[in-house]
Amino acid sequence: MVTGNARYLRYIVIAFFTLAVLYFVSNSKYEAVTIPTRLDPTGTKNQPVKSEEPGYKPQQPIKKPKPSDETAPAPKKPIGDNAQSPLALTPEDPNWDAELVSPAPGLRMNATFVTLARNSDVWDIARSIRQVEDRFNRRYNYDWVFLNDKPFDDNFKKVTTSLVSGKTHYGEIAAEHWSFPPWIDQEKAKKVREDMAERKIIYGDSISYRHMCRFESGFFFRQPLMMNYDYYWRVEPSVELHCDVHYDPFRVMHEGGKKYSFVLSLYEYAETITTLWDSTKKFMKNHPEHIAADNAMGFLSDDDGQTYNNCHFWSNFEVGNLNWLRSKAYTDFFDSIDRDGGFFYERWGDAPVHSIAAGILLNKTEIHFFNDIAYWHVPFTHCPTGERTRLALRCHCNPSDNFDWKGYSCTSRFFDVTGKTKPQGWESEKD
Ligand SMILES: Nc1nc2c(ncn2[C@@H]2O[C@H](COP(=O)(O)OP(=O)(O)O)[C@@H](O)[C@H]2O)c(=O)[nH]1
Ligand SMILES: [Mg+2]
């Protein structure tokens, strides 16, 4: 009996000891020190952070280094298998739900988001990025190029890099792409600004706005960081996306042979472009070889090209083909109108410039309207027409805010000129 008790006691002691060892081993694993890291503002490496620093918060090391430099990224090879993952454009298409898997299956295009911004735009662009990521890019991880006429500061790089799921790149624009060309008469340009200020024309007195419009018209697509990409999606600060983007718009462009696209169109403020159409006509006369046979002149002009009706695609949203913008046709067009000086002697916007180019240099079929991409830039909304689409895309826009079929929009004209059928329900969204 005594021996039996002693044996039990021994078992209990051994069991207790074993449990104690196991507890110690497992507990010490959970207390293992994690090295806190912070994303370096250049995005190239992770830097240790001292625990006494303000803002210290232990976290897991960030897995993916995100290069951020001034050199062009290496050209990307398409990944994925197109045949395995056909584009699903409507809820009826077989691959519709599969597209919401993250990362989205299928091919990636050689494409990037692009944003022109100042350091002071950081929080406004942060909002835009968050929405683009939530509604689309978190599943696709496309890169994002940021361009600025001044160096981006560390805070801008840190905040934007933390939000973008693809790689981020930061470029400083060369002075010759953001300054007065030598042929501009400074006195004349100054008088125009003073006069426009008096007439209260929006941005009429601004020099930087004019540099911005000329840059977006003629230079963003030839920045070193943009040279290796084929497609771009322009995103401005403080824009909103109201619906899921269920498919890859870059693939729609590529597979549909599209070169330019839009979601909103409207009439330009005539006083900012008084002579833009004269310059366009001069170009058309000098370069008939660039005019597309099946162009969309009917979108731009009501009298077969005599006058401009001021219709333009709103360029704060664009998905487009960079090789088209880099083509001889487009650069001849830009160089020709740029010589006439209207970016400074008037206040030509990049929206009418891109739109006129698309309207005369492209065939109608190469311009695409993205009904599915819900978008807001102050003060206009594009909310997809058709309740089925809005519900399927989990939209949060109010359909009565949709600008497409209102009197000041040119989208109805685009449908008429291109012979497209307007989406069901458009008539109930007129004024
Ligand atoms: N780097 C830089 N970006 C600018 C400047 N002015 C405007 N932008 C950018 O150019 C785009 C258009 O400017 P924005 O103020 O939105 O003009 P709006 O949409 O025509 O009212 C936005 O992406 C701005 O962030 C500037 O002086 N410097
Ligand atoms: Mg804007």
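Residues numbered from 1 in each chain as written. Chains lettered and ligands numbered in written order. Predicted model: local features only at pLDDT ≥ 70, side-chain atom pairs only at ≥ 80, totals over all residues. Heavy atoms only, no water.

Caption draft 1: Region of interest: the nonpolar core. Within the largest apolar cluster, 58 residues are counted, with the highest numbers of intra-cluster contacts made by Phe220, Trp324, Tyr330, Phe333, Ile360 and Leu361. Sorting elements by how many residues they give to this core places helix H12 (residues 350-361) first, with 6 residues. Counting residues in hydrophobic clusters, the runner-up holds 44 residues, among them Trp144, Val164, Tyr170 and Val263. (Core = buried A, V, L, I, M, F, W, Y, C linked by side-chain atoms within 4.5 Å. Buried < 20%, exposed > 50% of the residue type's maximum accessible area, 1.4 Å probe, protein only. Helix = DSSP H or I, 4+ residues; strand = E, 2+ residues; numbered from the N terminus.)

Caption draft 2: Quick look at the coordination of the magnesium ion (ligand 2). Within the protein, the atoms that donate to the magnesium ion (ligand 2) are Glu236 (OE) and His377 (NE2), at distances of 2.0 to 2.2 Å. Here glutamate 236, found in the loop between strand E6 (231-234) and strand E7 (240-241), pairs with histidine 377, found in strand E13 (residues 375-377); they are 141 residues apart in sequence, far enough to count as distant. In terms of burial, glutamate 236 and histidine 377 fall into one category: buried. (Donors = N, O, S within 2.8 Å, 3.2 Å for Na, K, Ca; no water.)

Caption draft 3: The arrangement of the sheet that holds E13 in detail. Across the sheet, which stays open at both edges, the 3 strands sit in the order E7-E13-E14 with antiparallel pairing between neighbours. In this open sheet, the two edge strands, each paired with only one partner strand, are E7 and strand E14 (380-382). (Pairing = 2+ DSSP bridges.)

Caption draft 4: A look at the packing of helix H7 (residues 276-286) against H12. Where H7 contacts H12, the axes come no closer than 12 Å and their chain directions differ by 35°. The two elements H7 and H12 meet at a crossing, and its hand is right-handed. Contacts between H7 and H12 involve Leu276, Trp277, Thr280, Phe283 and Met284 from the former and Pro352, Val353, Ile356, Ile360 and Leu361 from the latter. Classifying every residue of the contact of H7 with H12 by side-chain character gives 9 nonpolar, 1 polar and no charged. (Axes fitted to C-alpha atoms, helices over the stretch in contact; angles between N-to-C directions. Left-handed = near helix turned anticlockwise from the far one by under 90°. Contact = heavy atoms within 4.5 Å. Nonpolar A, V, L, I, M, F, W, Y, C, P; charged D, E, K, R; others polar.)

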